[in-house]
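An overview of the molecular structure
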Amino acid sequence: MLLATRGLGKRYARGRVAVDALQDVGVDIEEGAFVTVTGPSGSGKTTLLLTLAGLLRPSAGEIHFRGEPVQELSDAAWAAFRRKHLGFVMQNFSLVPYLTALENVMLPMTLAGTPSAEREPRARVLLDRVELGDRMEHLPRELSAGQQQRVAIARALANNPALILADEPTGNLDPALADDVLALLKKLNEEDGTAILMVTHSPRAAEVGTARIHLEAGRIVSGNGTA
Amino acid sequence: MKLAHVTWKELKHRRASLVSGLIAITLGIAVIVGIRAVTRASEYAVTVQLDSLGANVLVLPQGASVDEYHTADIDAPTFPEEYVETMVTSGLLGVENISPKLTRRTEVNGTSIVLTGVLPDSEVAKKPVWLMEGLVDGDGGGHVCKGRHGAAADPRLKRNIIEELDPGECLVGSAAAKRLGLEVGSVVTVKTAELEVIAINDPTGTVDDDRLFMHLHAMQDLLGIGKQLSVIEVMGCCSAISDGLLSKLRNILPDTRVTSISQIVSTQIETNRLMDRLSWGVLFIVLLVGGLSIGNYMWANVNQRRREIGIMRMLGAKRSSILGVLLAKALVLGVVGGLIGYGLGTIVVVGFGPDILGIEVEALPVWLGLSVLLATVVAVLGSLLPAWLASRFDPSANMQEV
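Residues numbered from 1 in each chain as written. Chains lettered and ligands numbered in written order. Predicted model: local features only at pLDDT ≥ 70, side-chain atom pairs only at ≥ 80, totals over all residues. Heavy atoms only, no water.

Helix and strand counts for chain B come out as 15 helices and eleven strands. In chain B, which comprises 402 residues, the share counted as buried stands at 52%. Long-range contacts, defined here as pairs at least 24 residues apart, represent 80% of the contacts in chain B between residues at least 6 apart. A total of about 18100 Å² of accessible surface is found on chain B, and carbon and sulfur atoms cover 59% of it. (Helix = DSSP H or I, 4+ residues; strand = E, 2+ residues; numbered from the N terminus. Buried < 20%, exposed > 50% of the residue type's maximum accessible area, 1.4 Å probe, protein only. Contact = heavy atoms within 4.5 Å. Areas by Shrake-Rupley, 256 points an atom, 1.4 Å probe, with all protein chains shown as cover.)

The axes of two packed helices give the description: the angle between them and the distance between them. Residues and elements named next belong to chain B. Two numbers describe how helix α1 (residues 3-13) lies on helix α13 (residues 319-356): the axes approach to 9 Å, and their chain directions differ by 50°. With respect to α13, the element α1 is oriented oblique. When the axes of α1 and α13 are compared, the crossing they make is right-handed. Side by side, α1 and α13 meet where L3, V6, T7, E10 and L11 of the first sit next to S321, V325, A328, K329 and V332 of the second. Its residues assigned to classes, the contact of α1 with α13 shows six nonpolar, two polar and two charged. (Axes fitted to C-alpha atoms, helices over the stretch in contact; angles between N-to-C directions. Parallel < 35°, antiparallel > 145°, perpendicular 65-115°, else oblique. Left-handed = near helix turned anticlockwise from the far one by under 90°. Nonpolar A, V, L, I, M, F, W, Y, C, P; charged D, E, K, R; others polar.)

Below, the discussion takes up the environment of I153 of chain A. With respect to the helices and strands, the residue I153 of chain A is situated in helix α5 (residues 145-156). Linking I153 of chain A and G87 of chain A, residues 66 residues apart in sequence, is a C-alpha distance of 8.3 Å.

Residues and elements named next belong to chain A. Sheet topology places strand β1 (residues 3-14) next to strand β5 (residues 60-65); five bridges connect them, and they run antiparallel. By the bridge assignment for β5, R6 is matched with E62. Looking at chain direction, β5 and strand β6 (residues 68-69) are connected through two bridges and run antiparallel. Counted as the bridge partner of F65 is E68 from β6. (Pairing = 2+ DSSP bridges.)

Here we take up the pairing of strand β8 (residues 211-215) of chain B. All names here are of chain B. Of all five residues in β8, five are buried, a share of seventy percent or more. Sheet topology places strand β4 (residues 111-118) next to β8; five bridges connect them, and they run parallel. Of the residues in β8, the one forming a bridge with T116 is F213. By the bridge criterion, three bridges tie strand β5 (residues 169-172) to β8 in an arrangement that is antiparallel. When the bridges of β8 are listed, V172 appears paired with L212.

Here we take up the interface of chain B and chain A. Listed per partner, the contact involves 27 residues of chain B and 27 residues of chain A. For the pair chain B and chain A, the summed buried area comes to about 2500 Å², and 65% of that belongs to carbon and sulfur atoms. When the area that chain B buries against chain A is broken down by residue, the three leading residues are M1, M314 and L315 of chain B, summing to 29%. Taken together, the connections running from chain B to chain A amount to two salt bridges. Two residues, E103 of chain A and K9 of chain B, come together in a salt bridge whose shortest N-O distance is 3.1 Å. The set of elements that each furnish at least two residues to the side of chain B that touches chain A consists of α1, α12 (306-314) and α15 (395-401) of chain B. Of the residues assigned to the side of chain B that touches chain A, the class counts are eleven nonpolar, five polar and eleven charged. (Buried area = accessible area lost by both parts, 1.4 Å probe. Salt bridge = Lys/Arg side-chain N within 4 Å of Asp/Glu carboxyl O.)

This part covers the nonpolar core. The biggest cluster of nonpolar side chains holds 90 residues, and the ones touching the most others in it are L107, L127 and I153 of chain A. At seven residues, helix α3 (residues 101-112) of chain A tops the list of elements feeding residues into this core. If sequence neighbours within four positions are ignored, L107 of chain A has contacts with V96 and L99 of chain A together with M1, V6, M312 and L315 of chain B. Listed in part, the 40 residues of the second largest apolar core include V188, L245, L246 and L249 of chain B. (Core = buried A, V, L, I, M, F, W, Y, C linked by side-chain atoms within 4.5 Å.)

Okay, the sheet that holds strand β11 (residues 219-222) of chain A next. Residue and element names in this part refer to chain A. Spatially, six strands are ordered β7-β8-β9-β4-β10-β11 in an open sheet, and the strand pairing comes out mixed. The open sheet is flanked by β7 (86-90) and β11, the only strands paired with a single partner. Averaged over neighbouring strand pairs, the angle between their axes works out to 25° when direction is ignored. Pairing of strand β8 (residues 163-167) with strand β9 (residues 195-199), which is carried by five bridges, proceeds in the parallel orientation.

Across residues other than glycine, the phi torsion is negative in most instances, and most of the peptide bonds are trans. Residue and element names in this part refer to chain A. One non-glycine residue, E131, adopts positive backbone phi at about 65°. Within the element layout of this structure, E131 appears in the loop between α4 (116-129) and α5. One non-glycine residue with positive phi stands out, namely N160, at about 50°. With respect to the secondary-structure elements, N160 resides in the loop between α5 and β8. Residue N160 is classed as exposed on the basis of its relative accessible area of 56%.

Here the focus is the confidence of the model for chain B. Averaged over every residue, the pLDDT of chain B is 77; the share at 70 or more is 78%. Low pLDDT (under 50) marks residues 123-161 of chain B, which in the prediction has 90 contacts with non-local residues, meaning those over four places away or in another chain. (pLDDT = per-residue confidence, 0-100.)

Spelled out as structure tokens, the structure:
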């Protein structure tokens, strides 16, 4: 099992009111799986993703990565965990605006300490893979939305992660571009065996996955990540 | 690609922000350098004014009184001129200038006048600044007050007329010239010597107005009293006087009476102390304001970069990496802003100082390095808190903003 949670909970304090964004969530994500997380707004989808990434601390429960508990890791250890095992694809692309496509893809490798001689060749290969070989020196603002998301996908693959966390990756794209991005994610998942956990509003996007989790009011109402 | 590259790209990308940051730092440093240069020039100007008060230490013959120094009685005691050499070679710290004199009252054209023998170079140098070397043909080897080096080279301070005083020439005080009916070019007979008047001194309101000045050695020969002096006027550095210059002089010249002109000394000490406090006070205020301005800019810059900081945290950047990227920018801005600020501040005060302030302001080369150091330290310190806070931004909050 790549990633599993048991009894995962996240409670926010909003003023004097406590809000349970996640309650007793148990998911199992196999190596190479493509799991989609659906649910209405405010159901806890993004909170789940951020908690699995160590960007939010769970209030209850356990997170196991390849059998090892990780929920108690320090901030620095979580950062190292993200560098080594996770890739991210976000709704608004999250590209550094003053770095070129090539530099954006090299950034995770720089942060991970990949030998400098290996960074650029690998980034070029990845950009070629997402069909942006002719846009490497372009800044994000010089790229279309679909191209920016493909740069983000190439960046997510930079450190050869075990799991890509995708938060509404097609949310800002028109349907045609959305289909392209989904097809690309599916292809990478199948070719590389990289597991993907994708949060989405779109039923159409949810169909791409091999397994589905549906959340409502912070609780899983169907699925657990296994097919 | 290295993280320094990220800093560099950000600097290039946000040019407007870069320019405004550089302006903040440059102006801060320019003001500091400008005020420092003006303060130094003011201190110098005040020093010149104080020096114009004349000698502040008198070395008199044992048993002589200050009254005798002023009245120059015919039988007033004297001491050997070689005492001057003794002082010069003693290596005393804080002696800025030595001026040996011989004074005797005599009659010229039936009028009683005080005749004063001076060594021209030393007389020139004594009142304005140090130039102890002038005493012995530029090779005296004396010591100067800290911070006054080079002042003697200032042409404003030279009295060329006295420098050119030959044994057959004399200078006449304004009152004496009136009483004797002398003018420039006149020849006046003093005992057996005929002296050409080469200048009439402007009124000074001192005993000098009633004197006739001639070359010391010519006067000694004329009076036939050998190599003798009535007084050695000493321009002592006021801090050195506080540190016991008088007793040191007494040790070197035990057969003399060493006395200070207390009013001059106390004025010099008090004024120097005031200028020093003023200088540090102004520097502190400017540093505080400049530092806050730079810190404010860095704070705004960090807030502007919250999004990309969130992205970097999401990608697994260590807090130290975030801190490094932000502080590297402060470092670059500090170095560049320090250099430009020094140049700007120097150009403004040196170029416009004489017109606006009425004083000559000189560049302070040592402040080039200090400016860069100061700007860098202030920029880094000003960035430290916002950068540290930025490294602790909740990345999930930043990502949800994304």
